[in-house]
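Summary of the model geometry
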Amino acid sequence: MAQNATIYKIELSVADMDRHYYETHKLTVAKHPSETEERLMLRLVAFALNAHEHLEMTKGLSTDDEPDIWQKSLSGEIDLWVALGLPSEKVIRKSCGKAARVIVYAYGGRVAQAWWDKVGTGTSRFDNLEVIAFSETEAAALSKLARRAMKLQVNINDGDVMVSADEAVVYVTLETWKGAA
């Protein structure tokens, strides 16, 4: 029998001093049965890093032709495609063809580095692609913040990211493996 998704209710307050974006988003997020709490929390941080009034969580893992997060223009074009994990070069190529801007947030430590060593050269021609890596230890620390009902505060200043929930604070350092042209 198939397991159902677990529903998380999140109040995500974003203070992004770099982009001058200050907003609170009330999100209802479905965690796919095969998704870990670590990945869920990374999705929330990725949402905060790209927060915008038109940014949306998608069906994610349950659909192959959608990213984890996207932002569409008022006319329906995909302005931003955000994917988490280690997509194949073919998936990256398709994503770059569908969206004006694509960001892949890689995680998984040495496995992620091996993935990037494999696909990095083949994806270098995509000017609209960014690849950013989360540290393995920080991703694990973020997973400890996960609750079914959360109030998260994400502060971004000079590229430094601080995620807090209740009394716990996790500092996140992002490593850019490929910047957009």
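See the structure shown above.
Below you will find a few notes about this structure.

One pass over the full model with this rule turns up four aromatic pairs. Judged by centre distance (5.6 Å) and plane angle (35 degrees), the ring pair of Tyr-105 and Phe-134 falls under tilted. Residue Tyr-105 is found in strand β6 (residues 99-106), and its partner Phe-134 is found in strand β7 (residues 129-134); the two are separated by 29 residues along the sequence. With 6.2 Å between their ring centres and 25 degrees between their planes, Trp-116 and Trp-177 make a pair best called stacked. Of this pair, Trp-116 sits in helix α3 (residues 110-119) while Trp-177 sits in strand β11 (residues 174-178), and the two are 61 residues apart along the sequence. The class of Trp-177 is buried, set by a relative accessible area of 17%. Here a set of aromatic residues connected by ring pairs shows up, and it is made of Trp-115, Trp-116 and Trp-177. The ring of Tyr-21 is capped by Arg-19, whose NZ or CZ atom sits 5.4 Å from the centre of that ring.

The next thing to look at is the nonpolar core. Ranked by internal contacts, the top residues of the largest apolar core, which has 41 residues, are Ile-10, Leu-12, Leu-44, Tyr-105, Leu-142, Leu-152 and Val-163. In terms of residue count, the dominant contributor to this core is helix α1 (residues 37-49) (nine residues). Ignoring sequence-local partners within four residues, the contact set of Ile-10 consists of His-25, Lys-26, Leu-27, Val-29, Leu-44, Met-150 and Leu-152.

With respect to the element layout, Gln-113 can be found in helix α3. Given a relative accessible area of 32%, Gln-113 falls into the partly exposed group.

This part is about the pairing of β6. For β6, the tally of buried residues reaches six of eight residues, placing the bulk of the element in the interior. Two elements, strand β5 (residues 78-84) and β6, share six bridges in a ladder whose sense is parallel. When the bridges of β6 are listed, Leu-80 appears paired with Arg-101. In this fold, the crossover linking β5 to β6 by way of helix α2 (residues 89-98) has right-handed handedness. Read as a crossover between parallel neighbours, the route from β6 over α3 to β7 is right-handed.

Parameters at a glance
- Residues numbered from 1 in each chain as written.
- Predicted model: local features only at pLDDT ≥ 70, side-chain atom pairs only at ≥ 80, totals over all residues.
- Heavy atoms only, no water.
- Phe/Tyr/Trp six-rings, centres within 6.5 Å; stacked < 30°, edge-to-face > 60°.
- Helix = DSSP H or I, 4+ residues; strand = E, 2+ residues; numbered from the N terminus.
- Buried < 20%, exposed > 50% of the residue type's maximum accessible area, 1.4 Å probe, protein only.
- Lys NZ or Arg CZ within 6 Å of the ring centre and 35° of its normal.
- Core = buried A, V, L, I, M, F, W, Y, C linked by side-chain atoms within 4.5 Å.
- Contact = heavy atoms within 4.5 Å.
- Pairing = 2+ DSSP bridges.
- Right-handed = clockwise from strand over helix to strand, strands pointing away.

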